[in-house]
Amino acid sequence: GPSTPSTPASSAANKKKATAEKKKKATEQKKTAAEEKKKAAAEKKKAAEEKKKAAAEKKKADAAAKKKAAADKKKADAAAKKKATADKKKAAADKKKADAAAKKQAAAEKKKAAAEKKKAESARKKEEANKKKIAKEKAEAAAKKAKEAEDDEDDTVTESSDSDSDSDSDSG
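Residues numbered from 1 in each chain as written. Predicted model: local features only at pLDDT ≥ 70, side-chain atom pairs only at ≥ 80, totals over all residues. Heavy atoms only, no water.

Peer 1: Tell me about the overall build of the chain, residues and numbers included.
Peer 2: The helix and strand inventory of the chain stands at one helix and zero strands. Counting all 172 residues of the chain, 0% fall into the buried class. (Helix = DSSP H or I, 4+ residues; strand = E, 2+ residues; numbered from the N terminus. Buried < 20%, exposed > 50% of the residue type's maximum accessible area, 1.4 Å probe, protein only.)

Right under this line is the structure:
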């Protein structure tokens with residue numbers, strides 16, 4: 001077909017169309033911008049939430065660390081206390097042992113001393129008994145000798161009396 005000459009009507013229609021396109025484009029751009037804004041806001045919100053979450057995690061971690069440190073301290077304290085108690089117990093046991101050993105030794109020394117004393121006493125008694133025995137024997141010997149001498153004297157006396165009586169009878 002033959003080309004239609006551009007009439008004022010068609011030009012006006014074209015203009016209208018162009019304006020509509022422009023408007024549409026502007027609306028779309030606005031929409032896109034709004035969406036971008038919305039997106040950005042969402043991102044911001046997300047970031048804030050992440051930050052909050054991270055802070056919460058940190059808080060949790062700190063609390064856990066604190067708790068662990070406290071527990072460790074408690075454990076260490078308990079261990080130290082236990083060790084101190086054990087050391088005390090051991091020291092007491094050692095002292096008891098040492099005391100018992102010393103007591104035993106002292107008792108042994110006492111026993112030994114008593115035995116020595118008894119031995120010495122017994123030896124002294126024995127010696128005394130011996131001395132007494134010797135003295136007794138000596139005394140007995142002396143007495144015997146004295147008696148013998150007396151007997152001898154008696155004999156002499158008897159003999160002399162006999163001779164006296166003999167002489168008497170002779171003379172008589």
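Once you've had a look at it, read on.
Peer 1: Requested: an account of the pattern of salt bridges, with residues and values cited.
Peer 2: Enumeration according to the criterion identifies eight salt bridges in this entry. Between Asp94 and Lys90 there is a salt bridge; the shortest N-O distance is 3.3 Å. Of this pair, Asp94 and Lys90 both sit in helix H1 (residues 8-171), four residues apart, roughly one helical turn. Among the residues examined, Lys90 registers a relative accessible area of 53% and is labelled exposed. Among the charged side chains, a network of salt bridges with common partners joins Glu121, Arg124 and Glu128. (Salt bridge = Lys/Arg side-chain N within 4 Å of Asp/Glu carboxyl O.)

Peer 1: Quick rundown of a negative patch on the surface? Include the residues and the values.
Peer 2: A cluster of acidic residues, Glu148, Glu150, Asp151, Asp152 and Glu153, forms a negative patch on the protein surface. Along the chain, Glu150 turns up in helix H1. (Patch = residues over 30% accessible without salt bridge, like charges linked within 9 Å, V, L, I, M, F, W, Y side chains within 5 Å. Areas by Shrake-Rupley, 256 points an atom, 1.4 Å probe, with all protein chains shown as cover. Lys, Arg positive; Asp, Glu negative; His and termini not counted. Charge placed at Lys NZ, Arg CZ, Asp CG, Glu CD.)

Function cannot be inferred from these measures alone, as they are strictly geometric.
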